[in-house]
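# Summary of structural features
Below are the chains, spelled out letter by letter.
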Amino acid sequence: MMTNKKFILGVFEEEEVLLQAIENIRAAGTKIYEVFTPFPIHGIDDVLGIKRSRLPIAAFLYGCAGLAFALWMQIYMLGFDWPMIIGGKPHVALPAFIPVSFELTVFCTAHGMVLTFLIICGLYPRLKVPVFDVRSTDDKFVMAIEVKDGVTDVNKVNDLLRSNGAVEVNEKEVV
């Protein structure tokens, strides 16, 4: 069963105002759910307090898995399953395995990273995509703050957003 979540959306027109508002709102103790921008803003991760991604670790592990698979496949095929003498080289000639090993390492890393990124970001196929404010893809900056029943004071958050430069404050329910 899907539950609806309520959000207060602050709409900003300039990125400098948005960055200052994020600092002030976090300093006031309000948790920001997400910020939507029409283009990447340098330094917004630090201002939001987002920790450094662990995707490089996943990339390294996918690369190691690709390399191990490539070496196992070539050693098994050319050394045990169907051994052939090519140019007088031994059955397991590691220098000859470099091109295939490199290609499978890159292949596994790239595909693993794409899948990991899509899963982490929640970009999987669904019937209805939650769009907070369509203008965030054009020219507005949108800050979403989740409303929790009995915990969040809606009037206080509205005033906080407006006092920090939001040109518009809306409430929205998202599935």
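Residues numbered from 1 in each chain as written. Predicted model: local features only at pLDDT ≥ 70, side-chain atom pairs only at ≥ 80, totals over all residues. Heavy atoms only, no water.

The protein chain carries the name DUF3341 domain-containing protein in an unreviewed UniProt entry, which gives Adhaeribacter radiodurans as its organism.

### Focus: the packing of helix α3 (residues 55-81) against helix α4 (residues 98-121)
Packed helix pairs are characterised by how far apart their axes lie and by the angle those axes make with each other. Close contact between α3 and α4 brings their axes to 7 Å; oriented N to C, the two are set at 140°. The hand of the α3/α4 crossing is right-handed. From α3, L55, A58, A59, Y62, G63, G66, L67, F69, A70, L71, M73 and Q74 reach across to α4, where they touch V100, S101, L104, T105, C108, T109, G112, M113, T116, F117 and I120. (Axes fitted to C-alpha atoms, helices over the stretch in contact; angles between N-to-C directions. Helix = DSSP H or I, 4+ residues; strand = E, 2+ residues; numbered from the N terminus. Left-handed = near helix turned anticlockwise from the far one by under 90°. Contact = heavy atoms within 4.5 Å.)

### A short note on the environment of M73
Secondary-structure assignment places M73 in helix α3. Here M73 falls in the partly exposed class, since its relative accessible area comes to 21%. Separated by 78 residues in the primary sequence, M73 and V151 place their C-alpha atoms 57 Å from one another. If near-sequence neighbours (up to four positions away) are discounted, M73 is found in contact with V100 and L104. (Buried < 20%, exposed > 50% of the residue type's maximum accessible area, 1.4 Å probe, protein only.)

### Section: the pattern of salt bridges
As enumerated under the stated definition, the model contains three salt bridges in all. Its salt-bridge partner being K140, residue E13 comes within 3.2 Å of it at the nearest N-O pair. Of this pair, E13 sits in the loop between β1 (5-12) and α1 (15-27) while K140 sits in the loop between α4 and β3 (141-147), and the two are 127 residues apart along the sequence. Its relative accessible area of 14% is what places K140 among the buried residues. One salt bridge connects E168 with R135, and the closest N-O pair in it is separated by 2.9 Å. On the criterion of sequence distance, the pair formed by E168 in strand β4 (residues 168-174) and R135 in the loop between α4 and β3 is long-range, its members being 33 residues apart. Among the charged side chains, a network of salt bridges with common partners joins D133, R135 and E168. (Salt bridge = Lys/Arg side-chain N within 4 Å of Asp/Glu carboxyl O.)

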